Amino acid sequence: MGEQSGERAVCIRQDVACLVLLAVWLLSVCLATGACLAVYYLCQHNLQGVVASPSPEDVLTEAWSLLLPVGVCVLNTFISLLYAHTQRLERYDSEHTRLYVTVLRNAMLKVSILAVLCYYWLALVPSNVSCWESYVGQDVYRLVIVDFIFCLLGSFCGEYLYNVISTRCVGVKPAEFDVARNVLDLINAQTLAWIGVYFSPLLPVIQLIKLFLIFQLKKTSIRSCHPPSSWRRVGQMQTLFISLLFLPFYLGTLALLAYTLWGLPPSSVCGPFQGQGWVIQAVDQWIASPQASHPHSAWLAWIINIILHSQVFYCILTLIVLVVMYFLWQVTQGRKRLIMSLRQQIVNEGKDKVFLLRRLQCLQRQKGTGRPRPQVSTITQ
């Protein structure tokens, strides 16, 4: 009866853990969905204000235009904090699994919000705003600046000021430096700079200044933070962070810029490409112009024509990328096998040392007791 009651209690605990895990994941998805809906509502409200505004340079209109970037940064900050608190209910056995789940949820939130913003900038704005490139550039610029302000406030209030209070109050633990959250914030900020580089060419300069100031600020605030308990695991997740930076963010940005250059007609009242069917058409016209046939420019026109209109070039480029990715994957697998073999070798050497120590202890006992060595008897037939 005792064994049956113990097994039943273990089953009940497992069922409760599964229900809690399902509830937390459902809550995370609902929070991300609610954030996307809130951002979409703010985008619609912002667009209506711009369309209905009699003068674009009105102070009230400029103030209302800050509602979208502030709302996006507030949602990113507070929902990330909610994710950090709700994961404590799951009680994962492995710290590695907990970190992966945290990074996955925050990446899902940031990618969803960026997807809504890109739909707003590239689908709704061009059909409602005459000079839509300048409007999108201003929106991205505001979002980068407000994100920097929230980063400053989070570092000062959430890390430095909280740790100053914890040193003077008894029973308050200092805050840990969340490496995963800070890395994801940097990835999100870099993605915004990539998206806005076409609409605001000076945005990379602003991004460089922003990253330099953030580095100096984090270098100061990390001294007052408690070291993270899982810093070794975070250091081992460098491959995951690079994969996240490349796969959803970098490739997604390339797809958006390709759609902007090849699929969206430029505005007809402003910009260097006004009057063209699409941006690439200006390049085609330059290639067909007499200036491109000049001996000093013929090679450049030929290269641009190959890059833009040759399917063979893209096939060869894709093949090279796949070969390089396969080579890097094989190198990674080889290093993993080497690490596993070295670990097994260390384990075997440890077992050999234990065996030799036991044999040495047995010999020392035999010499200490003065007993003669056992003689091997031979049986003769």
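Basis of the calculations
Residues numbered from 1 in each chain as written. Predicted model: local features only at pLDDT ≥ 70, side-chain atom pairs only at ≥ 80, totals over all residues. Heavy atoms only, no water. Core = buried A, V, L, I, M, F, W, Y, C linked by side-chain atoms within 4.5 Å. Buried < 20%, exposed > 50% of the residue type's maximum accessible area, 1.4 Å probe, protein only. Helix = DSSP H or I, 4+ residues; strand = E, 2+ residues; numbered from the N terminus. Contact = heavy atoms within 4.5 Å. Salt bridge = Lys/Arg side-chain N within 4 Å of Asp/Glu carboxyl O.

1. Describing the nonpolar core
Counting 47 residues, the largest nonpolar core has Val 39, Leu 68, Leu 117, Tyr 120, Trp 121, Val 125 and Trp 132 as the members making the most contacts within it. Elements that contribute at least two residues to this core include exactly α1 (2-52), α3 (67-86), α4 (95-124), α5 (132-168), α6 (179-196) and α9 (238-263). Among the elements that line this core, the one with the most residues is α4, at 13 residues. When sequence neighbours within four positions are dropped, the list of residues in contact with Leu 117 reads Val 39, Cys 43, Leu 68, Val 72 and Leu 143.

2. Remarks on the pattern of salt bridges
Summed over the entire model, instances satisfying the criterion amount to four salt bridges. With its nearest N and O atoms 3.0 Å apart, the salt bridge here joins Arg 142 to Asp 139. Separated by three residues within a single helix, Arg 142 and Asp 139 lie in helix α5, roughly one turn from each other. No difference in accessibility class separates Arg 142 from Asp 139, as the two residues are buried. Across the salt bridge formed by Asp 185 and Arg 181, the nearest N and O atoms sit 3.8 Å from each other. Here Asp 185 pairs with Arg 181, and both are found in helix α6, just four residues apart, close to one helical turn. Salt bridges linked by common partners bring Lys 110, Arg 181 and Asp 185 together as one network.

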